[in-house]
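One letter stands for each residue in the lines below.
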Amino acid sequence: MRTLLATVAIALLGARPAWAVLGQGMSSVSSDQQRLKGRLRSATGEGFSLHEITAADGTLVREYVSPAGEVFGVSWRGPAVPDLAELLGDYFALFQQASRSDVRRHRPLVVRTERLVVEMGGHVRSFRGRAYLPERLPVGVSASAVR
Amino acid sequence: MSGRRAVTRVRAHGRAAALLAGAVTLAACGSSSSGSSGGGGGSLNNVQAIEVGLGPSGSLVNGLFTSVTICVPGTSNCQTIDGVQVDTGSVGLRLLASRVSLSLPRIADGNGNAIGNCASFVDNSYAWGPMATADVQMADEKAPSVPIQLINAPGFAAVPSDCANGGTAADSVSALGANGLLGLGVFRQDCGSACSGPVSRAPAVYFSCPASGCSVASVPLQSQLQNPVWLFPQDNNGLIVSLPEVPAQGARTVSGSLIFGIGTRSNNGLEGARVFTTDDVGDFVTTFNGARISSSYLDTGSNGYFFLDSDTIGLPPCPDGDSDFSCPPSTVTYTAVTTGLNGASTQVTFNVANAETLFNTGNAAFDDLAGPDTGDFDWGLPFFFGRKTFIAIEGQSTAGGTGPYWAY
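Enquirer: What exactly am I supposed to notice about the overall build of chain B here?
Expert: Helix and strand counts for chain B stand at 5 helices and 25 strands. Taken across its 408 residues, chain B has 59% of its residues classed as buried. Taking the intrachain contacts of chain B between residues at least 6 apart in sequence as the baseline, contacts between residues at least 24 apart amount to 68%.

Enquirer: Please explain the packing of aromatic side chains as it appears in this structure.
Expert: Any pair of aromatic rings gets described here by the distance separating the centres and the angle formed by the planes. Applying the stated criterion across every chain yields a total of 26 aromatic pairs over all chains. Between Phe306 of chain B and Phe325 of chain B the ring centres are 5.9 Å apart and the planes differ by 50°, which places this aromatic pair in the tilted class. In this pair, Phe306 of chain B sits in strand S17 (residues 305–307) while Phe325 of chain B sits in the loop between helix H4 (310–313) and strand S18 (332–339), placing the two residues 19 residues apart along the sequence. Look at Phe306 of chain B and you get buried, because its relative accessible area is 0%. With 5.4 Å between their ring centres and 90° between their planes, Phe307 of chain B and Phe350 of chain B make a pair best called edge-to-face. One end of the pair, Phe307 of chain B, is in strand S17; the other, Phe350 of chain B, is in strand S19 (residues 345–352), with 43 residues separating them in the sequence. Side by side, Phe307 of chain B and Phe350 of chain B carry an identical accessibility label, which is buried. Linked through ring pairs, Phe276, Phe288, Tyr305, Phe307, Tyr334, Phe350, Phe377, Trp379, Phe383, Phe384 and Tyr408 of chain B together constitute an aromatic cluster. In this structure, Arg125 of chain A is placed above the aromatic ring of Phe187 of chain B, and the distance from its NZ or CZ to the ring centre is 3.9 Å.

Enquirer: So what exactly am I meant to see when it comes to the interface of chain A and chain B here?
Expert: It is common to give the size of an interface as the accessible area lost on bringing the parts into contact. Each side of the interface is counted separately: chain A has 36 residues, and chain B has 54 residues. Buried area between chain A and chain B, both sides added, is near 3800 Å², and the carbon and sulfur share of it is 48%. If you look at where chain A meets chain B, you find 2 salt bridges. Between Arg125 of chain A and Glu394 of chain B there is a salt bridge; the shortest N-O distance is 3.6 Å. Linking chain A with chain B are 14 residue pairs in polar contact (both at pLDDT 80 or more), by the criterion used here. At the level of elements, helix H2 (84–88), helix H3 (92–99), strand S6 (110–112), strand S7 (117–123) and strand S8 (126–132) of chain A are the ones that each hand at least two residues to the side of chain A that touches chain B. Counting residues per element, the side of chain A that touches chain B draws most heavily on S7 of chain A, which supplies 5 residues. Here the residues of the side of chain A that touches chain B sort into 16 nonpolar, 6 polar and 14 charged.

Enquirer: Quick question: what am I supposed to make of H3 of chain A here?
Expert: One turn of an α-helix holds 3.6 residues; hence residues three or four places apart share an orientation. All names here are of chain A. Considered for burial, the residues of H3 that qualify are Phe92, Leu94, Phe95 and Ser99. Angularly, the buried residues of H3 cover 160° about the axis, an arc narrow enough to put them on a single face. Looking at the buried side of H3, the elements it contacts are H2, S6 and S7.

Enquirer: Explain the state of the cysteines to me, please; I cannot follow it from the model alone.
Expert: Residues and elements named next belong to chain B. Taken as a whole and assessed by the stated rule, the structure comprises 5 disulfides over all chains. Bridging Cys71 to Cys78, the disulfide has an S-S length of 2.1 Å. Taking the torsion about the S-S bond as the criterion, the Cys71 to Cys78 disulfide, at about 100°, is right-handed. What makes Cys78 buried here is its relative accessible area of 5%. Across the disulfide from Cys191 sits Cys195; the S-S distance is 2.0 Å.

Enquirer: Sorry, what's going on with the pattern of salt bridges here?
Expert: Pairing of side chains with opposite charge becomes possible as their charged atoms draw close. Residue and element names in this part refer to chain A. Enumeration over the complete set of coordinates arrives at 8 salt bridges over all chains. In this structure, Glu119 and Arg130 form a salt bridge, with 2.6 Å as the shortest nitrogen-oxygen distance. Of this pair, Glu119 sits in strand S7 while Arg130 sits in strand S8; the two residues are 11 residues apart in sequence, bridging distant segments of the chain. In this structure, Glu119 and Arg130 share a single accessibility class: buried. Here the salt bridges share partners, and the residues they tie into one network are Arg112, Glu119 and Arg130.

Enquirer: Quick question: what am I supposed to make of the environment of Gly83 of chain B here?
Expert: All names here are of chain B. For Gly83, the position within the fold is in strand S3 (residues 78–87). Given the relative accessible area of 13%, Gly83 is considered buried. The spatial distance from the C-alpha of Gly83 to the C-alpha of Ser57 is 9.0 Å, given a sequence separation of 26 residues.

Enquirer: Would you explain the pairing of strand S16 (residues 291–298) of chain B in this entry?
Expert: All names here are of chain B. Two elements, strand S15 (residues 284–288) and S16, share 4 bridges in a ladder whose sense is antiparallel. Paired with Thr287 across the strands is Arg292, a residue of S16. As consecutive antiparallel partners, S15 and S16 are separated by 2 residues, and within that stretch Asn289 has a phi angle of approximately 55°, a positive value.

What counts and how
Residues numbered from 1 in each chain as written. Chains lettered and ligands numbered in written order. Predicted model: local features only at pLDDT ≥ 70, side-chain atom pairs only at ≥ 80, totals over all residues. Heavy atoms only, no water. Helix = DSSP H or I, 4+ residues; strand = E, 2+ residues; numbered from the N terminus. Buried < 20%, exposed > 50% of the residue type's maximum accessible area, 1.4 Å probe, protein only. Contact = heavy atoms within 4.5 Å. Phe/Tyr/Trp six-rings, centres within 6.5 Å; stacked < 30°, edge-to-face > 60°. Lys NZ or Arg CZ within 6 Å of the ring centre and 35° of its normal. Buried area = accessible area lost by both parts, 1.4 Å probe. Salt bridge = Lys/Arg side-chain N within 4 Å of Asp/Glu carboxyl O. Polar contact = N/O pair within 3.5 Å; in protein donor to acceptor, adjacent residues only side chain to side chain. Nonpolar A, V, L, I, M, F, W, Y, C, P; charged D, E, K, R; others polar. Arc of directions from axis to C-beta. Disulfide = S-S within 2.5 Å. Pairing = 2+ DSSP bridges.

What follows is the structure in structure tokens.
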């Protein structure tokens, strides 16, 4: 990240955090500011901008926004798993479909489709994961940027 | 994970049988038990049998199981539940309510509202249910009045959306792959101080559940899910997971031991094991393929080694529905270095075999099953074969220092 644009303290509003939504516009990041119990830090990087939100419970969510203003990746880390239905938005149905299995997998979850990649890991007290849209990565940005 | 399924057969003791089991246990206390001597504390069995098998669902590869006896607190009204998965990636005893025949007292908050607990698992499933209290016994070790979770208890509040998170409910034998989970990680409680502080900062783990609906709650440490080992009257500073080696093509079942206490008896000394202390979430560092991976942990509840992604290390994922696992054309041997917060480090060599070939053997226990991950290094059950792995609980003192640490 080259430039740290802003560090904004957000007032304690709303009951639980809501996150920007994969595949949607910058405004979904902005709307978080109205509802979050936490801090938002934004930065501009090589080919994308990064918005980092620390929720009151310590969960860190990063949102990756393309120059066209679309959220193409999100990542999270914290003591609990954030609401993936909120984070993944329209892609959540695809996630559920692709992660369904007829036998129980006792392992970190990996979902790989052409349109959506989701990876989750961790253990009690520390969960992490990331999701991105392979077809929506900005030019020159690799998937490893979403971390 | 293999595609096999089998009809589930669960042994659920009736009350009369449970009382009989309690009587047998009491009788056993008076006699000499194997493997325990020294310490000046008399003879007491601190060794609990464990087995790697497909488990009560008949479908879990590399599941580590044991039996747990629970009792109504302070009574001899007890029940033994088998097929409970031993999970060092979580903390606390969680039992499917459908497998519990005892009527256990529930835990309520200061307003008399029931407390619910939410467990999140990394396969995006969750376990939800009320907190209850039971005496918990394994071998001759008995922890009194332990807060436990009853998963999917009839009549209890519906799962809050903060808990479900759009995931699937691990609320049955087939969905959980077990009759319960015995969380024996390095912590005393599942959540700890994050859940006992201001409710505004509490993660969605504990919920207060009045009739109007559940909301996230702050719960005192002593009412949270507990690692039962640290509540034993003795041998309470940690435990050992001891499993023998398995052949490259796996084994149908593997028998081993949980040994309670570290350095408290003649059978649980650290001997030559190296101590790796952890960070505040129980992780250490693994250096592998030129990368330093700080989120590394030992997890009997993960059924393989899960590390890096297939693009990074060139291990092809298995085809079809098994892409969660790796399918190299022939077995690959890797070496990684594990490093504790204390700077101690050691090399670990491990094999990755073709997962489909392994599954086709029909075996249940494999020391060479692996799959991709990103960011973490999850040393799952394969790590535990052929060695003793020590788990020292936070705040508990041992000859190797104060927990939390892993040693091997």
